[in-house]
Every structure is written in structure tokens, then in C-alpha cells.
Amino acid sequence: MSASARFGDALLRQAWLSLRLNFRAPMPVVYGYLLPVVFLFGFGGIFRAGNPPLLAEMGQLLTITILGSAALGLPTALVAERERGVWRRYRLLPVAPAALVGGVVLARFAIVAGAVALQLVLAHLVFGTPWPSQPLVFLVAALAATFAFLGLGLVIAALADGVPVVQALGQCLFLPMILLGGVGVPLAVLPIWAQRLAGFMPGRYAVAALQSGFTEMRDPVGLGYAFAALLVVGAAAAAIGLLLFRWDSAFRAGPRQRLGALLALAAWVAVGLGAAGTGRLRPLLPPGYAWQEITDAQIATITYENLPGDNELVTRLAPPLVQPFASTRLESVAARLAVWAPAQTENSGENIRHLVALAALADLAQDPQEGEIARLVYDRLRAVHPADELRRGLAWIILCPDDGTVVTSASAFGLRREIDENAVRNRAPLYAQKFLARELGRIREP
Amino acid sequence: MSSAPPPLVSLRALTKRYGATLAVDGASLAVAPGEIVGLLGQNGAGKTTLLECLLGLRAADSGEITLAGLDLRSQPREALRVVGAQLQPSALQDKITPREALRFHAALYGVAADVAALLARFGLVEKADARFDTLSTGQRQRLALALALVHRPTLLVLDEPTTGLDPQTRRALHQILRDHRTAGGGVLLSTHDLDEAERLCDRVAILHRGRIVADAAPAALLIRASAGTRLRCRTAQPQSFPDFQSSADGLAHAAVAQEAARAIAALTRAVQEAGNTLVELQLSPPTLEDAFVALTGDAWDDKPEAAP
């Protein structure tokens, strides 16, 4: 048997053994399969009103599953075996170390794939969530996300001296990504600073990549960056994790392991800086920037990969409306838009900002016709602002969300409830992105 | 003309430090085919570190290690192929079965092992498909030894293999090691059991504070250490004797004598002259413990060595 055949044989045998042993113990099954199902039903309970249900949340849901099984499950299994002396025994085998570690990683790939498949099937059967509309993109996204998080799992295994330390370190990764990284809480509803921070966390890119397998809203440039970010984070972590792999619990984690962990985190920083440098983390412009001075190059840095779909829970946007409108309220809204004072000032940029804020208000107030109101706002913007002016005005909202003034109520449109200004400022840029994407031809109307 | 086979183990001037602590200090040791060598030492003497360096689990700071003539540093995989090792801790995954473990290890060594015969030889047939976490300590130790032998190695390296075993299992394990020796294999085992070292080993190397202070057959060690016969006696009335240590009440007395007959004659004469009576006299032949004490100057501590 050649050396490569021996390597492959050892890798597959180790993978098969790891896989079988995983299913014999209750805890890996609970954490690997039962918990993701609980998450699925939790998400289903919260987001079942979506149309279709859960479609907009599948990226988040599957990222949580992959993150848990890969970045927590893998190091827990490895460190537990190392503490028992299993890896010390393996070290004496005449087999390349990478084959044995690789076998465990390969088994974990299969375990993650099983959990993802289980969630897809249950979501489809129980909630009627559609299958991924882009199966190939979804498959590549799932592999890239699993690769990235397994790499992080190897770093944790190298760093942790015991299973409790694995849990602690895992939570240090897990919780920030869940809460601030666009994984548990949708990126669209996070404050601006958290959205910027999320650009430095692989969870955001995993959500974007996985979600792109489900929703038709895709930005090829942004999607490419998400895949690249996952591969960079995963490759750096996997290389460091393998290099610093410890066979024996007698060897405690030292400066080498800590330095390695910092290098793995440096890949996150590099990805975040890359995103910031290429305009993927907004806002980019300093406060007080004049909207007229926004250049085409600055507009070109705006990306659209994380936008929710038009039928999703936030930032709904109805398809183009045909006159006469089906409801008298919409007739009234269209008429009032033409005379609404906040959109009649001498500053076109402010007028655009106020109109977009109106769409955000309707969305935040959960108006029954929020999607139609947003569509009427867009039609009004196009009717009164030249294309170039509209682009700069919309880009100003996206790049300088804290500038200018925003309206927080609009009783003339039946939106009497006062909405928090920060909420409006967070939501308005999403509508501005949707409108700008259409202006630039990045999204084509049906 | 055929040349003699190389020693299965050849350690030369092995040194290993942990910071300022010198764990192994220039140790040299050899194990020939057909030989069982015991490594005897106190807690922290460096036995486990020495075995770990020998197996490449820890990098020695200096020294040479060859296994069956293969340099461990330049040919680690080839060298380790000749070794079957059983270390502490020697646990496996909780849910693996003995049959699976043996098959897995055999496959990774690339050998077609007779797993059924191994299970039978180590008394594990009934537990062949039981999960590891349901096995007793003795069964786990036997499985560890079966795993060490799965690829039919010529050298066995065992770290305190009989710790925690019942006498019957211990005897069975000794027989397996003797069989291995008879078949031309070699065994290097660390042990805390002086009796085991004396009865099982062809040679015993005493490791003291990282240095091998003696390396010889057990009988030769006793001679080299000039370990004498142990004399214990009791007298009817309190009395003291030269060369004897007496208890506080002066009734119990003990000594180690190089010439037991002469010492007993002197003792009885002294008792008669004092009008006293000798009510009890015990003679014990010298043991490895006596040799250990004589060679190292330290008392023997019979607690098993903790992992570093």
C-alpha cells in the first residue's frame, strides 16, 4: 500500500469509528441533533408568520447549527479523548497525525451535514419552508461555513486544557456571534455599531452565504466576499489548529497556543478590515458629509448581500402598483405624498431622507400596507428627483445614517405612533439600499 | 556468519529537563531480545518521563535512543512499529468495544490480526462487544496489553501494568510477559512492585532522582548493595545490644547483618551473659527493598507513581 493510500485508509477508518462512537453516546446526539431541532421549533414559533415561513431565517438557523456542532462539538470530543489518553495512544501509531485528526474532522463534517439536512427536512415538513432555490450555492455555502467553524473548533481544541475550558471558550465565540454578529439577531435590526462589528465575525458571512441559497436576492460581488471570508477564516484556523494540536493532556496550553489563537483571530480582523476597506461595513463617511459631494466611487462601495427579501418580516416592498389602486387608502397615501411638508423643503437630500424614513416608519409600525406604502414612496422619489440626485440622496442615507433629520411619526398617513428615532435611522438605510439597488440595476423589478 | 541482533532498546546518556528540574539525568539502558527489564524508582524518580522519551512522546534534551537498531529521531514511524506500549492513563473512548479497538489498531498498523485469538488469550471473549466504560479495571488493563500486542511487536514497553489488578489477573499478565520473552521478545516495564520486579525481571534498573544508580539482575543487585539478612528478636527483660536498634521499652531489637550466623551467636551469648531470655527470633533474607535503600540511601515509598 502506498503512503497516500495508507493515509486515506487511516483517515476513513478514523472517520468511520468517530462517527459510530458519536451516535452511541447520548450527549453528542442531544447537542448535535436534538438542540438544533429545538432551535428550529423556536425559530418556527417566532417567525412562522413569514411568507413563506422561516425562509428569511434559514441562514441564521443553519449557521447556529453549524457553529454549535463544529466550533463546540468538535473540540469537546477531541479534548475529552485527549484527557482520557486516547490521543496519547494514537501518537504511537505508525500513521500520519493529519490522517487521525482529519478523520475526526471528516466525521464532524458528516455529523453537521446530518443536522443541517434534518433541519431542512423538518422545516419543510412542519413549517412549509421551501427547499433551497439555489442548491449548489447552498451546498458550497454549507461546506464553507462548516470548514470555517471546524477550523475554529481545532483552535479551541489546541487552546483548551479541559472540556470545561472548551465550553467557556466556545461560548466566548458563540455568544458574540449570536447576539452581535447577525447570527441570532438579524443584522438588519442591529444598531449601526453592531453591524460594523459583525463584519469582523465569520457568523455574518456564514448567514449571508447560507441565506443566498434560499432567497432570490443575491449580490454576486458581496456573496463572493462572504465565501472568501469563510475560507480565509477557516484556512487560518485549520492550519493553526493542526499545527498546535496537542496529543497529550500533560502538555498544557502555553504561549504558542495563545499566540496561535491570536493569529486565528487576526484572520477575523483581516476579513473585517477587508470588508471595511471595500465598503462592506457601513457607514463609511464622517458625520456632516454633504450629500451632494458623494461620488460614484463611494456609491460603488455599497453592497447589497445582506438585504432582506421584499416579502420578509422587515423592509417589505410591494411589487410595482398598477393604477387605479385597489384601496382608497393607497389613493390617499399617494395624494398626500405629493404635498407632504417634510418632503417639500429646499434641501433635496433631506427630502429624500424624510421620504425613505416614511417607508421605515410604516415598516416599524407594522402597518398592514407597509409594503405598498414603501412602493409608493419609491415611486414618488423617482417622480420628483433626477436619477443622479436620487442616487446620491439614497447613498447619503446609507453611508451617513446618523446625519440629517428623520421623521418619527406621520399622522397624515395614519402612522400616529411615535417611533424611536434610532429605530428609524437603523431601518431607513435598508430601504435606501433596496431603492438604490433598483436605481443601479442591481435588482431588477419583476 | 550471522551478527547478533541489535538490542531492542538502547538508551545512551538520555537527559530531559522540565525548566530547572532535571527529570532524567544521563540515563543509559539496554533491553536485549528475550529479556524482561524492570525500571524501579520512587515517585518522581523519572520513570514515566524516561518511558515517554523512549517512545517519542516527549522530546529528550540530549542523548540517543534506538529501538531495534532504528534511530527514534530520524526514523520514528519505523522505530515505533517494533514497539507495543501500554501507558498511564490507558483509557479508550467510553463507547468503543474491545473488538472494535483491536480491529482499528490492527488496521492502522496494517496487519491482519487474529482478533478472536487475542480476545481469547486475554480473557476478553465475553466482553468482546461490551462498551469500554462497562469494563472492570482488570479487563481494561488486559485490553490495553492486547492492544500493545496487536501488531506482534518485538518490544513491549509497559508503564506500571499491574497497578490495580487482582492477584489472579496479575499472575496471568506475568505469564503473558514470560511467554513474550520466551518467543524472543523484550519487555521494559516500570513497576512499583518490588516483589514483581524481583520475580519477573531478568534485570532491574534502579532510577533515583533521574539517574540510573544500578542496573543488574535482582540477585546481583543484592550482592552489589551488600544487603544483609534482617534479624528481629524479642527478649524477656529489657536489654541493649551493639549493632542492634532497640525499641523504647528495650524488649524488641532489629539489625541487618552481613553474616547472620555470627550475629546470632553474638546475640545469644550476650543474652545468656545478662541472664536474660530470648523469646523470639526472626530471620529475613535480603530483598530488593533493602538493595534499594542501600543503593539510594532513601526509604522505599510504595505508593504508585502519579502521572506528571
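One structure accompanies this document, and this report is about it. Each residue is numbered by its place in its chain's sequence as written, counting from 1. Written order decides the labels, with chains lettered from A and ligands numbered from 1. For this predicted model, a pLDDT threshold of at least 70 governs which residues receive local features, and a threshold of 80 or more governs which side-chain atom pairs are given and counted, while totals over whole chains, interfaces and linings are taken from all residues. Derived side-chain values reflect all non-hydrogen atoms in the structure, with water molecules and hydrogen atoms excluded from consideration.

What follows concerns the side chain of A:Glu370. All names here are of chain A. Secondary structure counts use DSSP, requiring at least four H or I residues in a row for a helix and at least two E residues in a row for a strand, with both numbered from the N terminus. Mapped onto the elements, Glu-370 comes out in helix α15 (residues 370-384). Note on classification: 1.4 Å probe, protein chains only; a residue is buried when its accessible area is under 20% of the maximum for its type, exposed when over 50%, partly exposed between these limits. Residue Glu-370 is classed as buried on the basis of its relative accessible area of 10%. Should any heavy atoms of two residues lie within 4.5 Å, those residues are considered in contact. What Glu-370 contacts, discounting residues up to four positions off in sequence, is Leu-313, Arg-316, Ala-362 and Asp-363.

Oppositely charged side chains are able to pair whenever their charged atoms sit close together. All names here are of chain A. A carboxyl oxygen of Asp or Glu within 4 Å of a side-chain nitrogen of Lys or Arg is what we treat as a salt bridge. One pass over the full model with this rule turns up 26 salt bridges over all chains. When the shortest N-O distance is used, the salt bridge between Arg-13 and Asp-9 registers 3.0 Å. Taken together, the residues span about one helical turn, with Arg-13 and Asp-9 both in helix α1 (residues 3-22) at a distance of 4 residues. When its relative accessible area of 23% is taken as the criterion, Asp-9 is described as partly exposed. Of the charged contacts, one joins Arg-392 and Asp-388 as a salt bridge, the two residues approaching to 2.7 Å between their closest N and O atoms. Remark: Asp-388 and Arg-392 occur in helix α16 (residues 387-399); sequence separation between them is 4 residues, near one turn of the helix. A relative accessible area of 13% places Arg-392 in the buried class.

Turning next to the packing of α15(A) against helix α17 (residues 421-439) of chain A. Residues and elements named next belong to chain A. Each axis is a line fitted through C-alpha atoms, and for a helix only the stretch in contact is used; angles between axes span 0 to 180 degrees, taken between their N-to-C directions. Between α15 and α17, the least distance of the axes is 11 Å, while the angle of their chain directions is 50 degrees. In terms of orientation, α15 lies oblique with respect to α17. Between α15 and α17 the crossing geometry is right-handed. Contact residues: α15 offers Ala-374, Arg-375, Val-377, Tyr-378, Leu-381 and Arg-382, while α17 offers Tyr-431, Phe-435, Arg-438 and Glu-439. For the contact of α15 with α17, the class distribution of residues is 6 nonpolar, no polar and 4 charged. We call two directions roughly parallel when the angle between them is under 35 degrees, roughly antiparallel when it is over 145, roughly perpendicular when it lies between 65 and 115, and oblique otherwise. Handedness of a crossing is defined here by the sense of rotation of the near helix relative to the far one, left-handed for an anticlockwise turn of less than a right angle and right-handed for a clockwise turn. Under the scheme applied here, ten amino acids are nonpolar (Ala, Val, Leu, Ile, Met, Phe, Trp, Tyr, Cys and Pro), four are charged (Asp, Glu, Lys and Arg), and all others, including Gly, are polar.

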